[in-house]
Amino acid sequence: MGTQSATTPSDSAQFPILLDGVDESVETALAVRLVMPERSVIDATTRDLIGHLRVLMGEDLDFKEGPAVQALFQEGYRVLHLMRRPTAESTHCGAYQYMRELGLLTRRFAGLYRERQGKEDEADG
């Protein structure tokens, strides 16, 4: 289960996102299993993914660059909407499906972030 923060304890504007923590949470969410994980694992992974996704969405990912990036952000806002999130009363299956949806979306944002960082590294080099 992912417990690493997506950023260092300091201001994320000064430090790059630590993608190892993001990747760990995504892998936990998207792992192929014969049975669903315990609800506590689902809830903890969901909390981690929400944090990672929020941090990634706060980065400069060229939102105005094109409709595909804008659509990704719209999907991020839709998934993060409080009314969509599972509650204690939600079914185990519903919480699991939300965690997986969040994992897929977080992976897409992490890929966009990696791509953006690669472009910046090329421009700096």
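The structure this text deals with has already been given above.
Here we summarise the structure given alongside this text. As the structure is a prediction and not an experimental result, all values here were calculated from the model.

**Concerning the nonpolar core**
Step number 1: Val22, Leu53, Leu56, Leu102 and Phe109 are the most contacted members of the largest nonpolar core, which totals 28 residues.
Step number 2: Looking at which element gives the most residues to this core, the answer is helix H4 (residues 92–124), with ten residues.
Step number 3: Sequence-distant contacts of phenylalanine 109, that is, excluding residues within four places in its chain, are made with Leu53, Leu56, Met57, Leu61, Leu72, Phe73 and Gly76.

**Topic: the pattern of salt bridges**
Step number 1: Summed over the entire model, instances satisfying the criterion amount to five salt bridges.
Step number 2: With its nearest N and O atoms 2.7 Å apart, the salt bridge here joins arginine 78 to glutamate 101. Residue arginine 78 is located in helix H3 (residues 67–80), and its partner glutamate 101 is located in helix H4; the two are separated by 23 residues in the primary sequence.
Step number 3: The class for arginine 78 is partly exposed, based on a relative accessible area of 34%.
Step number 4: Ionic contacts of the salt-bridge type, sharing partners, join the residues Glu75, Arg78, Arg84 and Glu101 into one network.

**What to know about the packing of helix H2 (residues 39–57) against H3**
Step number 1: Orientation of H2 relative to H3, taken along the N-to-C sense of each, is 145°, at an axis distance of 11 Å. Seen from above, H2 lies across H3 with left-handed handedness. Listed contacts from H3 to Ile50, Leu53, Arg54 and Met57 of H2 are Phe73, Gly76, Tyr77 and Leu80.
Step number 2: Of the residues in the contact of H2 with H3, the class split is six nonpolar, one polar and one charged.

Thresholds applied
Residues numbered from 1 in each chain as written. Predicted model: local features only at pLDDT ≥ 70, side-chain atom pairs only at ≥ 80, totals over all residues. Heavy atoms only, no water. Core = buried A, V, L, I, M, F, W, Y, C linked by side-chain atoms within 4.5 Å. Buried < 20%, exposed > 50% of the residue type's maximum accessible area, 1.4 Å probe, protein only. Helix = DSSP H or I, 4+ residues; strand = E, 2+ residues; numbered from the N terminus. Contact = heavy atoms within 4.5 Å. Salt bridge = Lys/Arg side-chain N within 4 Å of Asp/Glu carboxyl O. Axes fitted to C-alpha atoms, helices over the stretch in contact; angles between N-to-C directions. Left-handed = near helix turned anticlockwise from the far one by under 90°. Nonpolar A, V, L, I, M, F, W, Y, C, P; charged D, E, K, R; others polar.

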